[in-house]
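Each chain is listed here by its residues.
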Amino acid sequence: MGSEKESFQHKNYIQKSLFYRFSQFVGFLLGARFFVAALLTFALYVSTFFLFNQEESFRKFVFDFRVHGIIFCTVLSILAGGIINQFYDFEKDHIVKPFRTRVQSFIKQKYFLYAYLALTVISLGVASFISYRVLIFFVVYQFFMWFYSHKLSRILILNNLTFVSLTLYPFFGMMVYYQTFSRKIFLMAIFLFLILLCIDIVKDTLTKSVDKSFGYTTIPNYFKSKNTKIILISLLMLTMAVSMKLIIKTGISGFMSYYFIGGLFMMIICIYLLLNSSRRAKFFTLNILRFWVFIGIIAMLLNGIEGKL
């Protein structure tokens, strides 16, 4: 009887231990923004091979270890940036993202900091082996990711502009690496910048009161709701103008032309939703814009495959 009880307790202990370890693992992935990093990695590979790389064959691209090294350093930097950001936003996230912070509570904050330092050192170490220019590129990137979390995320307008710029920074690096400069790529960069800026501002409207209580000066909690709505609608209309410019002036074709034409209708839907001041409408707007960014990556992939065939 006693042995059966001990066996049950031992089995129960193992199950709890496995659950605890699994929770720690999930908590780390969420804290490091792993899924965001995975999406950005996919976007980097797609844009690098099909947009910036105009001359290399697929075989040459696969064996271009400098490119893979740069993307590897980018992924580590993004993971490190996610960790340091959640470290500074820990109290705010308790209210805004209760599920995530509860899962992250399985890991002590000091271990997140250890992981941040490890990821940073490995990233810079690999970058130094590639070239000193790449090392400088990632030193600047990681400094501003830390500085954004430490200071800039609380400063009006700078918080939104810095966040979007840091998101696009790796793509700018790959564009410089391949020296691919054209009107089409410049307009596509503006289009993506504007959509990401709208996403960040809409996201701030959903956390308006929490941001204010924790000292984050965002556009929604600094300006009136009406003015914030005007800013967002103006940005969406500007995005539509860039889309039309891309369609008419750059001769863009294939899946990407359908993407930008469809984008005009998506922007109209978002403007219609923003005219409704409800929280639900803002939530739908946020997810429509996020979804459209993802569709853009898929469209670029399909367009690239079509062009290579």
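Above this text you will find the structure in question.
Heads up: these notes are all about the structure in this document. Every residue gets a number counted from 1 within its own chain, in the order that chain's sequence is written. Selection of residues for local features in this predicted model requires a pLDDT of at least 70, selection of side-chain atom pairs for listing and counting requires 80 or more, and totals for whole chains, interfaces and linings are taken over all residues. Water and hydrogen atoms were dropped before computing side-chain values, which therefore reflect all heavy atoms in the structure.

## Quick word on the overall build of the chain
Here comes step 1: By definition, any uninterrupted DSSP run of H or I lasting at least four residues is a helix, any uninterrupted run of E lasting at least two residues is a strand, and each is numbered from the N terminus. Scanning the chain from N- to C-terminus turns up 15 helices and zero strands.
Here comes step 2: The cut-offs for exposure are 20% and 50% of the maximum accessible area for each residue type, with area from a 1.4 Å probe on protein chains only; residues under the lower value are buried, those over the upper are exposed, and the others partly exposed. Residues classed as buried in the chain amount to 46% of the 309 residues present.
Here comes step 3: Contacts spanning at least 24 positions in sequence make up 77% of the contacts within the chain whose residues lie at least 6 apart.
Here comes step 4: Accessible surface for the chain amounts to roughly 17400 Å². Of this, 70% is attributable to carbon and sulfur atoms. Here, two residues are considered to be in contact whenever any of their heavy atoms come within 4.5 Å of each other. Here the Shrake-Rupley method, with its probe set to 1.4 Å, supplies the accessible areas, and only the displayed protein chains count as covering residues.

## Points about the nonpolar core
Here comes step 1: Side-chain atoms within 4.5 Å are what join buried Ala, Val, Leu, Ile, Met, Phe, Trp, Tyr and Cys residues into a set we call a nonpolar core. Phe138, Met188, Phe191, Leu236, Met256 and Phe260 are the most contacted members of the largest nonpolar core, which has 81 residues in total.
Here comes step 2: Counting residues per element, this core draws most heavily on helix H10 (residues 183-206), which supplies 13 residues.
Here comes step 3: Leaving out residues up to four positions away in the same chain, Met256 has contacts with Met188, Gly296, Ala299, Met300 and Asn303.

## Comments concerning the pattern of salt bridges
Here comes step 1: One side-chain nitrogen of Lys or Arg within 4 Å of one carboxyl oxygen of Asp or Glu is enough to make a salt bridge. The full count for this structure, using the stated rule, is one salt bridge.
Here comes step 2: Close ionic contact of Lys203 with Asp200 constitutes a salt bridge, the shortest N to O distance being 3.3 Å. Taken together, the residues Lys203 and Asp200, both in helix H10 and three residues apart, mark about one turn of the helix.
Here comes step 3: In this structure Asp200 comes out as buried when scored by relative accessible area, which is 4%.

## Examining empty space enclosed by the protein
Here comes step 1: A cavity here means a set of points on a 1 Å grid, drawn over the protein atoms and nothing else, where a 1.4 Å probe fits but cannot get out; a pocket is an open set with protein on both sides within 12 Å along at least five of seven lines, and a residue lines either one if it has an atom within 4 Å of a point. Grid points are joined across faces, edges and corners, and a volume is the space filled by probe spheres set on the points. Per the stated rule, a full pass over the model turns up one cavity of 30 Å³ or more.
Here comes step 2: Forming the walls of the largest cavity are Ser77, Ala80, Gly81, Ile84, Tyr116, Thr120, Gln142, Met145 and Trp146.
Here comes step 3: Broken down by secondary-structure element, the contributors of at least two residues to the lining of the largest cavity are helix H4 (65-88), helix H7 (109-130) and helix H8 (132-150).
Here comes step 4: The element best represented in the lining of the largest cavity is H4, accounting for four residues.
Here comes step 5: Here the lining of the largest cavity is built from residues that sort into five nonpolar, four polar and no charged. When residues are sorted by character, Ala, Val, Leu, Ile, Met, Phe, Trp, Tyr, Cys and Pro go into the nonpolar class, Asp, Glu, Lys and Arg into the charged class, and all the rest, Gly among them, into the polar class.

## Regarding the packing of aromatic side chains
Here comes step 1: Working definition: rings of Phe, Tyr and Trp (its six-membered ring) pair if their centres are within 6.5 Å, and the pair is stacked with planes under 30 degrees apart, edge-to-face with planes over 60 apart, and tilted otherwise. This model, assessed by the stated rule, comprises 15 aromatic pairs.
Here comes step 2: Seen in terms of ring centroids, Phe137 and Phe138 are 5.1 Å apart; in terms of plane orientation they differ by 85°. Their pairing is edge-to-face. Both residues of the pair, Phe137 and Phe138, count as buried.
Here comes step 3: Between the aromatic rings of Phe143 and Phe144, the centroid separation amounts to 5.3 Å while the plane-to-plane angle is 80°, which identifies the pairing as edge-to-face.
Here comes step 4: Given a relative accessible area of 41%, Phe143 falls into the partly exposed group.
Here comes step 5: Over the ring of Tyr216 we find Arg154; its NZ or CZ atom is 4.3 Å from the centre of that ring. Here, a charge over a ring is recorded when the distance from Lys NZ or Arg CZ to the ring centre is within 6 Å and its angle to the ring normal is within 35 degrees.

## So, the environment of Ile261
Here comes step 1: Residue position: Ile261 is located in helix H14 (residues 255-275).
Here comes step 2: Taking relative accessible area as the criterion, Ile261 reaches 36% and is therefore assigned partly exposed.
Here comes step 3: Once the C-alpha coordinates of Ile261 and Ile247 are considered, the two residues, 14 residues apart in sequence, prove to be 7.5 Å apart.

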